[in-house]
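Coordinate inspection notes
Listed here are the chains, written in short residue letters.
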Amino acid sequence: MTLDLIRTARRTNKQTQKALSARSGVPASSLSLIEQGKRNPTLQTVDSLLRSTGHTLVTVRTVRESAATIAGRIERALGDSRPDLAVRHFLQLNDNLIAEHNEVRYVLGSSEPAATGVKHWDAAIAALVAYRLAEEDFPAPSWTLHPDRYLKKRWTFNDGLYVIPVDTVDVPTEFLERGVLIDAATLVSV
Amino acid sequence: MVALLKERGEPAGIRIVGGAAISLRHYERGPTKDIDASVHPSGPALEVARAVAYENTWADDWFNSAATMFVPFAKTEWVPIFEDGDVGIWVASAPMLLAMKLRASRPGRDDRDIGTLMTICGVRSKSEAEDLYEQFYPGEILEPKAHRMLDVILRTGLPDLPSTPPPLDLG
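As the structure is a prediction and not an experimental result, all values here were calculated from the model. (Residues numbered from 1 in each chain as written. Chains lettered and ligands numbered in written order. Predicted model: local features only at pLDDT ≥ 70, side-chain atom pairs only at ≥ 80, totals over all residues.)

Description of the overall build of chain A
Under the convention used in this document: Under the DSSP-based scheme used, a helix requires at least four consecutive residues in state H or I and a strand at least two consecutive residues in state E, with every element numbered from the N terminus. As a reference, a globule follows 2.2 Å times the number of residues to the power 0.38, and the radius of gyration itself is taken over C-alpha atoms. Residue burial here comes from a neighbour count, namely the number of other C-beta atoms, placed from the backbone, that lie within 10 Å of the residue's own C-beta, with 20 or more meaning buried, 12 or fewer meaning exposed, and in between meaning partly exposed. By the criterion used throughout, residues are in contact when their C-beta atoms, derived from the backbone, lie within 7 Å.
Per the secondary structure count, chain A includes nine helices and two strands. Going from the N terminus to the C terminus, chain A shows its helices and strands as α-α-α-α-α-α-α-α-β-α-β. Since a compact globule built from 190 residues should have a radius of gyration of about 16 Å, the 17 Å found for chain A is in line with a globular shape. The principal-axis extents of the C-alpha atoms in chain A amount to approximately 55 × 35 × 30 Å. Burial status across chain A gives 42% buried among its 190 residues. Contacts spanning at least 24 positions in sequence make up 69% of the contacts within chain A whose residues lie at least 6 apart.

Here we look at the overall build of chain B
Each helix and strand counted, chain B has seven helices and five strands in total. Reading chain B from its N end, one meets helices and strands in the order α-β-α-β-α-β-β-β-α-α-α-α. For chain B, the C-alpha atoms occupy an extent of roughly 50 × 30 × 30 Å along the three principal directions. Out of the 171 residues in chain B, the part that is buried amounts to 36%. Counted over contacts in chain B with a minimum sequence separation of 6, partners at least 24 positions apart contribute 67%.

Observations regarding the domain arrangement of chain B
All names here are of chain B. Our working definition: Where each domain begins and ends is defined by an automated method or by a domain database. Only Asp, Glu, Lys and Arg are considered charged, only Ala, Val, Leu, Ile, Met, Phe, Trp, Tyr, Cys and Pro nonpolar, and every remaining residue, Gly among them, polar.
You can read the domains of chain B as domain 1 (2–93) and domain 2 (95–156). When each unit is reduced to the centre of its C-alpha atoms, the spacing between domain 1 and domain 2 is 24 Å. On the domain 2 side, the residues contacting the 13 residues of domain 1 number 13 residues. Ranked by residues supplied to the side of domain 1 that touches domain 2, first place goes to helix α2 (residues 18–26) with three residues. When the residues that make up the side of domain 1 that touches domain 2 are grouped by side-chain class, the tally is eight nonpolar, three polar and two charged.

What to know about the pairing of strand β5 (residues 87–92) of chain B
Residues in a regular strand point their side chains to alternate faces of the sheet. Residue and element names in this part refer to chain B. What counts here: The pairing criterion for strands is at least two bridges between them, as found by DSSP.
Across five bridges, strand β1 (residues 12–17) lies against β5 in parallel orientation. By the bridge assignment for β5, Ile14 is matched with Ile89. Relative to β5, strand β4 (residues 78–83) is paired through five bridges, and the arrangement is antiparallel. What sits directly across from Phe82, in β5, is Ile89. Hairpin connection from β4 to β5: three residues lie between these consecutive antiparallel strands, with Gly85 at a positive phi of about 100 degrees.

A word on the interface of chain B and chain A
Put simply, an interface is often sized by how much accessible area is lost when its parts join up. Across the contact, 21 residues belong to chain B and 23 residues belong to chain A. Where the side of chain B that touches chain A is concerned, the elements lending two or more residues are α5 (111–121) and α7 (144–156) of chain B. Sorting elements by how many residues they give to the side of chain B that touches chain A places α7 of chain B first, with five residues. Within the side of chain B that touches chain A, the residues separate by chemical class into nine nonpolar, five polar and seven charged.

Thoughts on the domain arrangement of chain A
Residue and element names in this part refer to chain A. Segmentation of chain A into domains returns domain 1 (2–51) and domain 2 (67–187). The C-alpha centroid of domain 2 is placed 26 Å from the C-alpha centroid of domain 1. Taken together, the contacts link four residues of domain 1 with six residues of domain 2. In terms of residue class, the side of domain 1 that touches domain 2 is built from no nonpolar, two polar and two charged.

Concerning unusual backbone geometry
Apart from glycine, the bulk of residues carry a negative phi angle, and the bulk of peptide bonds sit in the trans form. Geometrically, the link from His40 of chain B to Pro41 of chain B is a cis peptide bond, its omega value of -5 degrees lying close to zero. With respect to the secondary-structure elements, Pro41 of chain B resides in the loop between β2 (35–40) and α3 (42–56). Its identity as a non-glycine residue notwithstanding, Lys14 of chain A has a phi of 55 degrees, on the positive side. With respect to the helices, strands and loops of the structure, Lys14 of chain A is situated in the loop between α1 (2–12) and α2 (17–24).

Things to note about the sheet that holds β1 of chain B
Pairing is mixed across the open sheet formed by five strands, whose spatial order is β3-β2-β1-β5-β4 (chain B). If you trace the sheet from one side to the other, it starts and ends with β3 (63–64) and β4 of chain B, each paired once.

Some words on the packing of α2 of chain A against helix α3 (residues 28–35) of chain A
In a pair of packed helices, the angle between the axes and the distance between the axes together describe the arrangement. All names here are of chain A. To be explicit about the condition: Every angle, taken between N-to-C directions, lies between 0 and 180 degrees, and every axis is a line fitted to C-alpha atoms, over only the stretch in contact when it is a helix. Any angle from 65 to 115 degrees is called roughly perpendicular, while one under 35 is roughly parallel, one over 145 is roughly antiparallel, and all others are oblique. If you view the pair so one helix is near and one far, a crossing is left-handed when the near helix is turned anticlockwise from the far one by less than a right angle, and right-handed when it is turned clockwise.
Two numbers describe how α2 lies on α3: the axes approach to 9 Å, and their chain directions differ by 120 degrees. On the basis of their axis angle, the class for α2 and α3 is oblique. Helix-helix and strand crossings are classified by hand; for α2 and α3 the assignment is right-handed. Touching Gln17, Lys18, Leu20 and Ser21 of α2 are Ala28, Leu31 and Ser32, all from α3.

Thoughts on α5 of chain B
For α5 of chain B, the buried fraction is high: nine of the eleven residues fall into the buried class. Residues of α5 of chain B that are buried include every one of Asp111, Arg112, Asp113, Ile114, Gly115, Thr116, Leu117, Met118 and Ile120 of chain B, and no others. Elements in contact with the buried residues of α5 of chain B: α6 (83–99) of chain A together with α2, α4 (94–104), α6 (126–136) and α7 of chain B. One or two steps after α5 of chain B, the chain reaches Gly122 of chain B, where phi turns positive at roughly 70 degrees.

Now the structure itself:
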């Protein structure tokens, strides 16, 4: 969890480990170990590192993972050439957002996830957060509106094995405008 | 959960469907955060499930019965994965899971499972898929969304037979 928090905060702030180390005073070797999950930092170190990325710790009453954390899982699944796992994680984020309401749902989606390295997944994550927050009449978080979260060429949601055509009338607006073709039925949580 | 049920002397029959059933008995498909299952008697078991959630800092609904409404009405097939007298756990068979997945046919979500379950069940054509479906849901026909999915799956090709997960060790 700590490694996700710090790594995501650093990357969304577009900082290298070296730059964050210099700003926070935490040695680069320690930071590297912390981000790899090989060292447990003190809360003071976590706070210092996050502040040096322009972030602060807040707590929210849920045990469900946020969009930022799950985007990290999606990135690792893609790095392991497991798009099927990326789909599982994406659907887990969908379920997490559905399960929570009001400010808790908003907080789960509000922190900007680091880029996954695959544009269509970045667009899909943004679309999902915007879609589920709109259900509760929340505005889309600003990170979901960044041009990098919109595809120039449409992508049909798939897990790398089969690509099932989707009719655009069945695609929620937040996905369609970002170029991600996913059937609304795929997002129904059972 | 099994350990806690046994410790409390609570009998329970747990029947698991969905992704957890696939992962536990049929093939590896990544981590599953929740379990869709029916349990009888339900009261004490659900209380134990809540205690397990608290102990592990999991969400309360990690053990839920949301998907059991889609269990076939005409025929069910359950495979035992754990039985010790008081507590028994069964998972849906591969053919039953295939029928349930065909009924859902959510693009991008069910297609890989349908293809893999077709391989496991030896279902090689659309007509064989329809025959299997009708065994579990007699009087119903496959919806157009299932046909669209089967067309792509059969045109692209079925996956190789996956390896079976090792038996569950619940002590």
